[in-house]
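# Descriptive analysis of the structure
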Amino acid sequence: MSVAATEPFIHLAGVRKEYRDRERRFLAVSDATFDVAPGELIALVGPSGCGKTTLLKILAGLHRADEGDVRIGNAAVPFDPARDIGMVFQSPLLLKWRRIIDNVLLPAEILGLPRDAGRRRALELLELVGLAGFENAYPYELSGGMQQRAAIARALIHDPKLVLMDEPFGALDALTREKMNLELLRIWEQSGKTIVFVTHGIAEAVFVATRVIVLTAGPARMAGNIPIDLPRPRTLDMRTHETFGAYTREIYHLLGME
């Protein structure tokens with residue numbers, strides 16, 4: 001998917017977040033500044049504890065930034081989980097007593113969306129993520145990768161403008177993770193959603209993203225903002241190409257890992 005130059009859909013400028021308790025203060029994010037265009041798939045990469053998840057929670061309205069400007073669609077992000085945002089976590093978090101279609105429908109139920117339209121949408125999404133025919137299965141009957149596909153469908157059920165993904169494939173084995181990278185790209189290209197994707201994997205970030213935002217060790221500071229100019233559709237053999245290697249080496253350098 002090509003992303004035309006346009007006004008940013010997400011704008012962060014000088015974002016700072018500090019956590020406090022009775023004994024100490026911890027600066028999680030310091031001066032995070034970047035834009036995301038509509039329809040981009042941005043990867044946030046950096047070491048553990050650098051504030052990647054905190055930034056996602058700020059974008060989702062789960063945490064309030066202490067300083068800085070955070071805007072989505074030219075409006076300030078409210079300190080309240082937004083109904084036009086979908087979230088995918090490292091664990092699928094499916095309810096084991098509900099069938100897959102009912103797990104997918106859960107956000108629609110919470111938001112009070114029409115049941116019949118929601119069910120039709122759920123079946124369409126299950127087909128999109130490659131789970132057609134599994135709508136009546138229970139989570140324990142699916143593999144880890146299939147469960148995560150169901151979680152992606154659940155995140156899309158209410159047609160959000162933005163999808164936030166926090167290490168969604170981190171718990172999967174290497175082969176399944178590579179397959180899910182390809183599935184994510186296919187779903188993104190077909191859905192046209194704006195996606196912010198958090199990962200520790202430098203190669204994964206380069207493979208899936210239109211642009212990689214590199215964050216330093218906590219507190220998170222911008223170390224780089226790298227457009228990824230690789231052909232699409234992406235294929236796994238691209239990981240062996242010199243251009244791919246050059247991007248990964250650049251990110252390693254920015255993280256001081258050379």
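Scope of this entry: the structure provided in the associated data block. (Residues numbered from 1 in each chain as written. Predicted model: local features only at pLDDT ≥ 70, side-chain atom pairs only at ≥ 80, totals over all residues. Heavy atoms only, no water.)

## Some details on the overall build of the protein
The cut-off we apply is this: A run of DSSP states H or I qualifies as a helix once it reaches four residues; a run of E qualifies as a strand once it reaches two. Both are numbered from the N-terminal end. Radius of gyration: over C-alpha atoms. The globule rule applied is 2.2 Å multiplied by the number of residues raised to the 0.38 power. Exposure classes here rest on a 1.4 Å probe applied to the protein chains alone. A residue is buried below 20% of its type maximum, exposed above 50%, and partly exposed in between. Note on contacts: a residue pair is in contact if any heavy atoms of the two residues lie within 4.5 Å.
The helix and strand tally for the protein stands at 7 helices and 10 strands. Taken over the C-alpha trace, the protein has a radius of gyration of 18 Å; the compact-globule value for 258 residues is 18 Å, and the two agree within 12%. If you line up the protein on its principal axes, its C-alpha atoms span 50 × 45 × 40 Å. Per-residue burial for the protein yields a buried fraction of 47% across its 258 residues. Counting only contacts in the protein whose residues sit at least 6 apart along the sequence, the fraction spanning at least 24 positions is 69%.

## Section: the pattern of salt bridges
Selection criterion: Each salt bridge in this description consists of a side-chain nitrogen of Lys or Arg and a carboxyl oxygen of Asp or Glu lying within 4 Å of one another.
Scanning all chains against the criterion turns up 15 salt bridges. Note that arginine 71 and aspartate 69 form a salt bridge whose closest N and O atoms lie 4.0 Å from each other. Under the relative-accessibility criterion, arginine 71 is labelled partly exposed at 28%. Given the relative accessible area of 29%, aspartate 69 is considered partly exposed. With its nearest N and O atoms 3.8 Å apart, the salt bridge here joins arginine 177 to glutamate 167. Of this pair, arginine 177 sits in helix H5 (residues 174–191) while glutamate 167 sits in the loop between strand S7 (162–166) and H5, and the two are 10 residues apart along the sequence.

## Re unusual backbone geometry
Arginine 232 connects to proline 233 through a cis peptide bond whose omega is 5°. You can see proline 233 is positioned in the loop between strand S10 (222–227) and helix H7 (242–254). Look at aspartate 31: it is not a glycine, yet its phi comes out positive at around 60°. Locating aspartate 31 in the fold gives a position in strand S2 (residues 25–36). Note on aspartate 31: relative accessible area 47%, which makes it partly exposed. Phi at leucine 93 takes a positive value of approximately 55°, unusual for a residue other than glycine.

## So, the sheet that holds strand S6 (residues 85–88)
Backbone-to-backbone hydrogen bonds pair the strands of a sheet. The strands run either parallel or antiparallel. We apply this condition: Each pair of strands is called paired provided DSSP finds at least two bridges between the two strands. Axis geometry follows a simple rule: fit a line to the C-alpha atoms, using only the stretch in contact for helices, then measure angles between N-to-C directions, giving values from 0 to 180 degrees.
The strand order across the open sheet formed by 6 strands is S6-S7-S8-S3-S9-S10, and the pairing between neighbours is mixed. Two strands in the sheet have a free side with no partner beyond their single neighbour: S6 and S10. Strand after strand, the sheet turns through a mean of 15° between neighbouring axes, direction not considered. Where S6 and S7 come together, 4 bridges link them in parallel fashion. Within S7, the position partnered with glycine 86 by the bridge is valine 163. In the packing of helix H4 (residues 144–156) onto the sheet, the strands contacted are S6 and S7, and the crossing angle to S6 comes to about 165°.

## A closer look at the packing of aromatic side chains
Definition in use: By convention, a stacked pair of Phe, Tyr or Trp rings (six-membered ring in the case of Trp) has centres within 6.5 Å and planes under 30 degrees apart, an edge-to-face pair has planes over 60 apart, and any other such pair is tilted. Working rule: Lys NZ or Arg CZ, within 6 Å of ring centre, within 35 degrees of ring normal, means a charge sits over the ring.
Going through the model one piece at a time under the given rule, you end up with 2 aromatic pairs. With centroids separated by 6.3 Å and ring planes inclined at 15°, the aromatic side chains of tyrosine 138 and tyrosine 140 adopt a geometry described as stacked. The exposure class assigned to tyrosine 138 is partly exposed, which follows from its relative accessible area of 23%. Look at tyrosine 140 and you get exposed, because its relative accessible area is 66%. Residues phenylalanine 169 and phenylalanine 197 carry aromatic rings whose centres are separated by 6.0 Å and whose planes lie at 50° to one another, so their mutual orientation is tilted. Linking phenylalanine 169 in the loop between S7 and H5 with phenylalanine 197 in strand S8 (residues 194–199), this pair joins segments that are 28 residues apart in sequence. Each member of the pair, phenylalanine 169 as well as phenylalanine 197, is classed as buried. A cation over a ring is seen here: arginine 239 above phenylalanine 207, with NZ or CZ 4.8 Å from the ring centre.

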